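# Inside the fold
Take a look at the letters that make up each chain.
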Amino acid sequence: MATIFIDNVPYHVQDGQNLLSACLSLGFNIPYFCWHPAMHAVGACRMCAVKQFRDESDTRGSIVMSCMTPASDGTRVSIDDDDIREFRAAVIEFLMLNHPHDCPVCDEGGECHLQDMTVLSGHVYRRNRFKKRTYINQNLGPFINHEMNRCIQCYRCVRFYRDYAGGRDFNVFGVHDRIYFGRCSDGTLENEFSGNLVEVCPTGVFTDKTLRKQYTRKWDLQTAPSVCPHCGLGCNTIVGERYGSVRRILNRYNHELNGYFLCDRGRFGYEFVNCDRRIRQLLVKDKSGDSEAFLQPIEKQQALHSLSEIFRSGAPVIGLGSPRASLEANFSLRSLVGPENFYIGISDPEFQMISRIIEVLRNGPAHSPSLREVEQSDAVLILGEDVTNTAPRLALSLRQSVRQKPMEMVDRLKVPRWLDGSVRQIVQENKGPLYIFSPVATRLDDVATKTLQLAPDDIARIGFQIAHEIDPEAPPVSDLTANFRGLAANIAETLKQASVPLVVSGTGCGSIHVINAAANVTRALRSKGKRAGLSYTVPECNSLGLGLIGGGNISDCFQRIMSCSVNTFIVLENDLYRRAEVQITDQILNNCKRLIVIDHIMSRTAEKADIMLPSGTFAETTGSFVNSEGRCQRQFRVIPPTGEIQEAHQWIFDIMTSLQWDTLRHFSDIESIGELLAAEFPVFKPLPEVAPRSSFREFGQKIPRQSHRYSGRTSMLANITVNEPKPPDDPESPLSFSMEGYQGIPPASLIQRFWAPGWNSSQSVNKFQSEINGPLIGGDPGQRLIEPSASGKWSYFTDIPEPYKPQDDLWLMIPKFHVFGSEELSSLGPAISERIPKPYVGINPKDAESLGKQEGEKVAVAGENFSISVPVRIIKSLPRGIMALPVGLFTLDGFTFPQWVRIVRD
Amino acid sequence: MLSDEIKSEIQCGVSVCPTRHCAILEALQIVQKHHGWISDERIEAVAKFLGLTVEEVDGVATFYNRIYRKPVGRHVILVCDSVSCWIMGFENILDELRKLLGIGFGETTPDGRFSVLPIQCLGACEQAPAIMIDGTLYGYLDSDKLKKLLGNYE
Amino acid sequence: MEKPLTQHFVIGGEPLDLAGYEKVGGYEACRKSLKSLTRDDIMKLVKDSNLRGRGGAGFPTGLKWSSMPSSQNSPRPRYLIADADEMEPGAFKDRILMEGNPHQLIEGLIICAYTVDAEIGFIFIRSEYTKAAARINKAIREAYEKGYLGFNILGTGFNLDLKLHISSGRYICGEGTALTNSIEGHRAIPRHKAPRQTESGLWGMPTLLNNVETLCNIPHVVNNGAEWFRGLSKCKDGGTKIFGVSGKVRNPGCWELPMGTTIREILEEHAGGMRDGLKFRGTLPGGASTDFLVEQHLDTPMDYDSVQKAGSRFGTGTMIILDNQTCPVGMVHNLESFFSRESCGWCTPCREGLPWTAKILAAIEDGKGEPRDIDTLDFLVRSLGPGRTFCALAPGAMEPLRSALKFFREDFDAHIKEKRCPWR
Ligand SMILES: Cc1cc2nc3c(=O)[nH]c(=O)nc-3n(C[C@H](O)[C@H](O)[C@H](O)COP(=O)(O)O)c2cc1C
Ligand code: SF4
Ligand code: FES
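Here's what I pulled together on the structure shown here. (Residues numbered from 1 in each chain as written. Chains lettered and ligands numbered in written order. Predicted model: local features only at pLDDT ≥ 70, side-chain atom pairs only at ≥ 80, totals over all residues. Heavy atoms only, no water.)

### Some words on the overall build of chain B
- Within chain B, the secondary structure is distributed over seven helices and five strands.
- Starting at the N terminus and ending at the C terminus, chain B contains elements arranged as α-α-α-α-β-α-α-β-β-β-β-α.
- Looking at chain B as a whole, 60% of its 154 residues are labelled buried.
- Of the contacts made within chain B by residues no fewer than 6 positions apart, 60% connect residues no fewer than 24 positions apart.
- Looking at chain B as shown, the accessible area adds up to about 6400 Å², and 50% of this sits on carbon and sulfur atoms.
- Side-chain charges in chain B split into 15 positive and 21 negative, and the spacing between the mean points of these groups amounts to 3 Å. (Helix = DSSP H or I, 4+ residues; strand = E, 2+ residues; numbered from the N terminus. Buried < 20%, exposed > 50% of the residue type's maximum accessible area, 1.4 Å probe, protein only. Contact = heavy atoms within 4.5 Å. Areas by Shrake-Rupley, 256 points an atom, 1.4 Å probe, with all protein chains shown as cover. Lys, Arg positive; Asp, Glu negative; His and termini not counted. Charge placed at Lys NZ, Arg CZ, Asp CG, Glu CD.)

Okay, here's the thing in structure tokens:
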């Protein structure tokens, strides 16, 4: 701790930080632009000026930038002296010389950091009487709108895009007062994190293009805390709604998890909620006459009646869970059909992998790090995972981790780590160790120490050997080449040297051996007393939650259907066509006597349903999810119930009601379901505490989803009724669909918007943190469910796969993930769909040559259960004899990876 | 886009650079020496050659005033417009040039013979007003001297 | 009067080649340094000589050299840079030195590199100095051939590679840290001064930067000793200085004179006084980014402390003279346009404030000034002052404006009142 004097009053602050964050942490309002809590200080905007005094006798002082000045013991500053006030107003006046003052038509209006700082700095009267400069804007693709005239040259965008996120197709151009931020010419921003520019830019240069199509001011958005449904990381988001449609996603700061940034899939993937494939009505198919009958709307009572008939008939009903449905929905379905009739809604190999991941994480000894911990790792080994495409936000954290080790140079020079400009000069292009073994080149390769593209089994083998090199107790790989042995020894040494090494792996290359190998490496490191972390990525937002609940194998489920021993099949928020090849899925669904689908999207499975119950998307659902870290989090719905849409667990509850079950009330709401879950599975014990209970009140009030400036409430429905409608109830949560309620800072997991008096932009997150860049007040949202057992009962995996050998006639087909396209829901939105690649099959150039195929020519590929014809894409990095197929593209999903396939020569 | 000669010249310069970035200005100078100015296509070619993006190359190129991103004439006349030459009347030189060539700062004669550009103090203040044509400095200028001078540049 | 720096060549004439330089004792200091002096010996000599940097800031050279970290455990390579960017309006002294005696600079660099244990040197020269560049290139070649540069210099085991780096233009490149960025192939944005460049400069390595004239003094200090060097001067700063004069004087040019020679002497004896019919009105004593001094200051000795006491800066020691028939507002407008064009665009006050300053001055000059403009200019002078901006460019730019408002206020008022420039 250090004592600093602010206008002669002593304050205790954390040692070693800068004056700006110290003052902001203390609750003072100091204006700033170029400083960013995660990107730190460069001293460009000159907004955060304070006056520093040498000692008590110094009365003149000198102006310094608080972001560039350490707050050390005895530092004396004034943050409110006349010179300071004049200078801050001057900086704003300078910025306003060329700013267009187009706030009324600017998308940033009302949540603009520039507006806030202008008011805060007290500049009002503009003396400039000369012409303003203007710029030409660029089309930056489907996500980001560009309006350069509003630019105040804080350099945050380029620092984020290039320095922080590693993007290279964006830069700053020009000189003196003609500075331009953008690309060389129109074109889509390629970086997967470009959306953060929207929040990083303090004014309206970079704004959300998807919001623009249905623009709403911040204060008119009804907002709620949510959890991103588009990958296994579960980044925290704020969802904004108006008139029943979702309008945008913003980052919801979570110190442990996503911090200040989201990936573009998470930010722009929401558009599926509003898409025309949404199911908003209860539908049934009348099969009596015509087998090709269409789904027709039906009365709810009638539907529930026929559903209860089905159950009453006594014929077996089986249920299929979903890795994208909430814990509560999955558990309700499991309870409805009985545990013996509940099946895991993922492929068998995936189930195996998820189970293994859970087993490894629970048995320990390695701990699965949060993203914040990932950032602090100083040596990283990635086995088999193309993180940018499977768990994008993790890639951004890994990109920061390579900066850890070189920080030693910075420390040696006694330069504070938050002096970002200096740090980057000192560090130059030095990077900490990062080793990537993957089947195809990845987007993180540019910061890697060493990358190698290998078949999944070979990746596992090198992993096993690394583990052995670290701890001889771990099984060796006997027949490795000397090269690989040397490499493994090298990596082992580097990992041992690190103070917090990290191993990253996951389900991405479809190999359980790779998962085992990663476990061995981490365990070996732990056996040497290293604080090693083990981070596994999983495919979907509740993969881990579903795995923890457990259930039968999907193949057993299919078998039961094929043997016609099943009367009714209930599918929860799941498209079987993504779980198995078309041929098989068709067979299953055709054999199914009665198919009931609970989902929000008209998937190919849903099209075959006999009864279709419309459930809610993340925006209409309150529920809990477990991310790949093992962190359980609650999302709250933001759209009030409309039409027949209701949460999946509500549908199941309705069926139970119509069956007049006596355990009924236990399933009435997520809290009761959560308690049942916690009672049945000890791992879910913290579940009821994941977020405040529905009975929670702050000063006797709920937390309102609408801002205190929400407008139009009395007129929004004026075409239907002139009476102001009663706000919809939300008995399941402590949030209300209203502007009445507690508008102060709520408990962290209920933060529905970042706003504070004087701070209308998302930069107001400062006011919600217990210290700048630290945890949210009251602790970050979420509860870790999985911790390695203290007793440490673990052993090394010994099942080492045979080396991969290219086959003459067979090809090893492996999955290739795409951040845009491989995930089901986000792919349905218009903005994301512009970024989805066309179907292809990737092969090595030599292989292409031997096949006589050019880029773009079609090849026919046949596997056990499929045959397709797809254009060739030549991928240099791919090992020979391996074929990479993009995962999840509409026409290319449902394959089992890896599998051996043939190429049908023409 | 880049001739083999240019490429080998750049390669020669690059070989002593510790980073790829460090080669940008050198490469651009070489290209400009051969072509007079640097078109978008050449930025692209340089970027490709150095393994950088166009944004990385152009971000640097657009900062410096002696990297020409627009076409210039065969001969570039740099007119010092800084303080000593201002005192000594560089504006007369500029007027004279306009009379003789019909162009002012930032312009090129229609026949592509001359471009006139402003330059910061040429470091020839004792000889003010001074100009530089294609790297040769001319000081103590007046209109007669200027007129004669231009004749040497075809 | 001794003129160590310029004695062996004629300004504007042919340069000394290697043979010529050696004939007049060239590379003796180099030989002596590398063969018989220790690093500490030379460091002490330079410190004792009271040589102060000739690049503008006047930082004591010995002190700067000794801030290079010790060679043990130091990251390598270590760099030495000669700042030959010389773009300060009014300055042309480094050009004279490089054109006249390029080997003198190279010898200075070798001795300096040896002293601070640097193995790679750069001469960062502006692209318009074509003649100087050609001469330096030739001199470097000669020095390599003769074994003064390269591997195992003079058989002493000391290595130094020297490269001439030609700038792509921009005044800010002369600023030491921006220069580093420029060599690295980045935009020439200045860097924060922590860490110091000597600890972490070019590519993160220890880097020493000195002005050309500073380095040219080194061989003479080594040859003749610190006491001799101090004795050259009329003040406590050591050595001679290349003083320059431009503007409407009879004989503009530059001369090597003792530090501490008065402005009057330089102006009247060397520059021949004002041209016929003109009167002295003021001078920027150290180049464009220094405050005006006026008639009452003519007897100020040109040394760092005296000029500062008089209210200006010694800067580069090259004066620009304002006469009584040249419009001071126009002159300041020209200066501010220059600085505004040369702002790197990194920090707000400079990037936005300088163009605004220039526009206001243009308006005043054009007879479109308003009385409140003077207040705005005062405000700008304050707001672009030291500490407010990232580097010294903008505060430097404000110096002539600040002093013009002080000394020539009536001219500003006349423009505004008469709605025209009284000199046009
Ligand atoms: C805007 C600006 C421009 C500068 N230009 C030059 C220059 O052209 N040449 C130079 O030697 N120093 C220049 N300097 C000063 C250098 O930063 C540095 O202080 C000097 O070169 C150090 O050398 P010295 O210690 O030998 O004087 C400039 C400084 C600033 C702030
Ligand atoms: S004062 Fe600021 S904008 Fe001006 S040159 Fe220095 S860093 Fe660049
Ligand atoms: S926030 Fe400190 S200078 Fe920009």
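### With respect to the site of ligand 1
Residues and elements named next belong to chain C.
- In the vicinity of ligand 1 lie 18 residues, with Gly-55, Lys-64, Asn-210, Asn-211 and Thr-214 positioned nearest.
- Here an oxygen atom of ligand 1 sits 3.2 Å away from a polar atom, N or O, in the main chain of Arg-54.
- Glu-86 has a polar backbone atom sitting 3.0 Å from an oxygen atom of ligand 1.
- Contact with the protein chains removes 87% of the 610 Å² of surface that ligand 1 exposes when unbound.
- Considering each element in turn, the shell around ligand 1 owes the most residues, three residues, to strand S5 (residues 207-211).
- For the shell around ligand 1, a count of residues per class yields five nonpolar, seven polar and six charged. (Near = heavy atom within 4 Å. Polar contact = N/O pair within 3.5 Å; in protein donor to acceptor, adjacent residues only side chain to side chain. Nonpolar A, V, L, I, M, F, W, Y, C, P; charged D, E, K, R; others polar.)

### Some points on empty space enclosed by the protein
All names here are of chain A.
- Following the criterion strictly, the structure yields 15 cavities of 30 Å³ or more and no others.
- Approximately 590 Å³ is the volume found for the largest cavity.
- If you trace the largest cavity, you find 32 residues lining it, with Glu-350, Pro-539, Arg-579, Phe-817 and Val-887 closest to the centre.
- A per-element tally of the lining of the largest cavity places helix H10 (residues 348-363) first, with three residues. (1 Å grid on protein atoms, 1.4 Å probe; cavity = no way out; pocket = protein on both sides within 12 Å on 5 of 7 lines; lining within 4 Å. Points joined across faces, edges and corners; volume = space filled by probe spheres on them.)

### Considering the pairing of strand S35 (residues 899-904) of chain A
All names here are of chain A.
- Alternating positions in S35 separate cleanly, Gln-899, Val-901 and Ile-903 being buried on one face and Trp-900, Arg-902 and Val-904 remaining unburied on the opposite face.
- The sheet contact formed by strand S30 (residues 810-816) and S35 spans four bridges and is antiparallel. In the strand pairing of S35, Met-813 is matched with Gln-899.
- By the bridge criterion, three bridges tie strand S32 (residues 858-862) to S35 in an arrangement that is antiparallel. What sits directly across from Ala-862, in S35, is Arg-902. (Pairing = 2+ DSSP bridges.)

### Brief notes about the interface of chain B and chain C
- Across the contact, 38 residues belong to chain B and 51 residues belong to chain C.
- Buried area between chain B and chain C, summed over both chains or domains, comes out near 3400 Å², and the portion from carbon and sulfur atoms is 57%.
- When the buried area of chain B at its contact with chain C is split by residue, Phe-63, Trp-86 and Ile-87 of chain B rank highest and sum to 20% of it.
- For the pair chain B and chain C, the interface holds four salt bridges.
- A salt bridge links Glu-128 of chain C to Arg-66 of chain B, with the nearest nitrogen and oxygen atoms 2.7 Å apart.
- For the interface between chain B and chain C, the tally reads 26 residue pairs in polar contact (both at pLDDT 80 or more). (Buried area = accessible area lost by both parts, 1.4 Å probe. Salt bridge = Lys/Arg side-chain N within 4 Å of Asp/Glu carboxyl O.)

### Considering the packing of helix H5 (residues 93-100) of chain C against helix H9 (residues 212-224) of chain C
All names here are of chain C.
- At a minimum axis distance of 9 Å, the contact between H5 and H9 shows a crossing angle of 45°. Taken as axis vectors, H5 and H9 run oblique relative to one another. Touching Lys-93, Asp-94, Leu-97 and Met-98 of H5 are Val-212, Glu-213 and Cys-216, all from H9.
- Among the residues making up the contact of H5 with H9, the classes are represented as four nonpolar, no polar and three charged. (Axes fitted to C-alpha atoms, helices over the stretch in contact; angles between N-to-C directions. Parallel < 35°, antiparallel > 145°, perpendicular 65-115°, else oblique.)

### Some points on the packing of aromatic side chains
All names here are of chain A.
- Applying the stated criterion to the full structure yields 44 aromatic pairs over all chains.
- Judged by centre distance (6.0 Å) and plane angle (35°), the ring pair of Tyr-32 and Trp-759 falls under tilted. Of this pair, Tyr-32 sits in the loop between helix H1 (19-25) and strand S3 (49-53) while Trp-759 sits in the loop between strand S28 (735-736) and strand S29 (783-784), and the two are 727 residues apart along the sequence.
- Assessed through its relative accessible area of 1%, Tyr-32 is described here as buried.
- On the accessibility criterion, Trp-759 (1% relative accessible area) is buried.
- Over the face of the ring belonging to Trp-651 we find Lys-300, whose NZ or CZ atom lies 5.3 Å from the ring centre. (Phe/Tyr/Trp six-rings, centres within 6.5 Å; stacked < 30°, edge-to-face > 60°. Lys NZ or Arg CZ within 6 Å of the ring centre and 35° of its normal.)

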